[in-house]
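# Overview (structure and organization)
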Amino acid sequence: MPKFVRTSVFATVIGLGATALAAWLASRNAGQAADTQANSAREATDTQMQMYNQQRKDQTPWRQAGESALNQLVDTNFLGIQTPNPENTRAFSMSDFNKDPGYQFRMAEGQRALEGSASARGSLNSGGTLRALTRYGQDMGAQEYQSAYNRFNNDQANRFNRLAAMAGIGQTANSQLAQSGQNASNNISQNQMAAGNAQSAGQIGQSNAINSGLNSGVNTWQNYQMMNRMFPTTPKTGA
């Protein structure tokens, strides 16, 4: 084989090998770059989930306090339907009046004074003492009813307001947590899209690198064939 042809074959083989190596390196680098981007997106997702879970943990005491207060404000029946707790909405009754600490204290002190005075006079069990005790009880009931009524309603209002405030704290905590969850969901979705795009870009880059290598190889082989046609391998004879 002439020296020129041998050199062309050698150069062609080297060119094809270099093209294949370059294509392989480009494909590998594209794959590695895609993997790096995808791993970074997954790490960002893991970090986002850790932050959200920590926020849930931090908000737990306020959410539980609010839930406990809400359970005291509402009543849940066997169907799971929630209605206002009857204890918070019931009307003032005679039972409440008779149990009122202020009325009980004044009533007991007045009776004790009347009985003590009657006992000192030796008329504890007399009709007059009984009438006096009855009249005192009626007068005290008339005087103290409105005060006991007001105290009852004030106590109910104070209790309701405290529970409502505590339930509001829980509601605020839940709202903040819901917003954090929405933000985490958006960020995680973006990370997942970024990971998918990185993998797709890597696959496209690998495909392009392989196609480019194949095209370069084909062009190199075509150039070799053209050189053979232009410079035949059969040596010429003559002077």
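A brief report on the enclosed structure follows. (Residues numbered from 1 in each chain as written. Predicted model: local features only at pLDDT ≥ 70, side-chain atom pairs only at ≥ 80, totals over all residues. Heavy atoms only, no water.)

## Examining the environment of Gln59
Rule in force here: The helix count covers DSSP runs of H or I at least four residues long, the strand count covers runs of E at least two residues long, and both are numbered beginning at the N terminus. Under the scheme applied here, a residue whose accessible area is under 20% of the maximum for its type counts as buried, over 50% as exposed, and between as partly exposed, the area being computed with a 1.4 Å probe on protein chains only. Here a residue-residue contact requires only that any non-hydrogen atoms of the pair lie within 4.5 Å. In the analysis that follows, any N or O atom pair within 3.5 Å is treated as a polar contact, provided that within protein one partner can donate a hydrogen and the other can accept it, and provided that, for residues neighboring in sequence, both atoms belong to side chains.
When you line up the elements, Gln59 lands in helix 1 (residues 3-73). Accessibility expressed as a relative area gives 16% for Gln59, which makes it buried. If near-sequence neighbours (up to four positions away) are discounted, Gln59 is found in contact with Ala173 and Gln176. Of note is the side chain of Gln59, whose polar atom sits 2.9 Å from the side chain of Gln176.

## Structural notes on the packing of aromatic side chains
Where two aromatic rings form a pair, the distance of their centres and the angle of their planes describe that pair. Worth spelling out the cut-off: Only rings of Phe, Tyr and Trp enter the pairing, Trp through its six-membered ring, and a pair is recorded when the two centres are within 6.5 Å. The plane angle decides the type: under 30 degrees is stacked, over 60 is edge-to-face, the rest tilted.
Enumeration according to the criterion identifies five aromatic pairs in this entry. Relative to Tyr145, the ring of Phe92 has its centre 5.4 Å away and its plane inclined at 75°; by these criteria the two rings are edge-to-face. With a gap of 53 residues between them, Phe92 in the loop between helix 2 (86-89) and helix 3 (94-98) and Tyr145 in helix 5 (residues 127-230) connect regions that are remote in the sequence. The buried category is assigned to Phe92, whose relative accessible area is 13%. Here Tyr145 falls in the partly exposed class, since its relative accessible area comes to 33%. Measuring from ring centre to ring centre gives 5.5 Å for Phe92 and Tyr149, while their planes differ by 85°; the resulting arrangement is edge-to-face. Of this pair, Phe92 sits in the loop between helix 2 and helix 3 while Tyr149 sits in helix 5, and the two are 57 residues apart along the sequence. Classification of Tyr149 as partly exposed rests on a relative accessible area of 34%. Among the aromatic residues, those joined into a ring-pair cluster are Phe92, Phe97, Tyr103, Tyr145, Tyr149 and Phe152.

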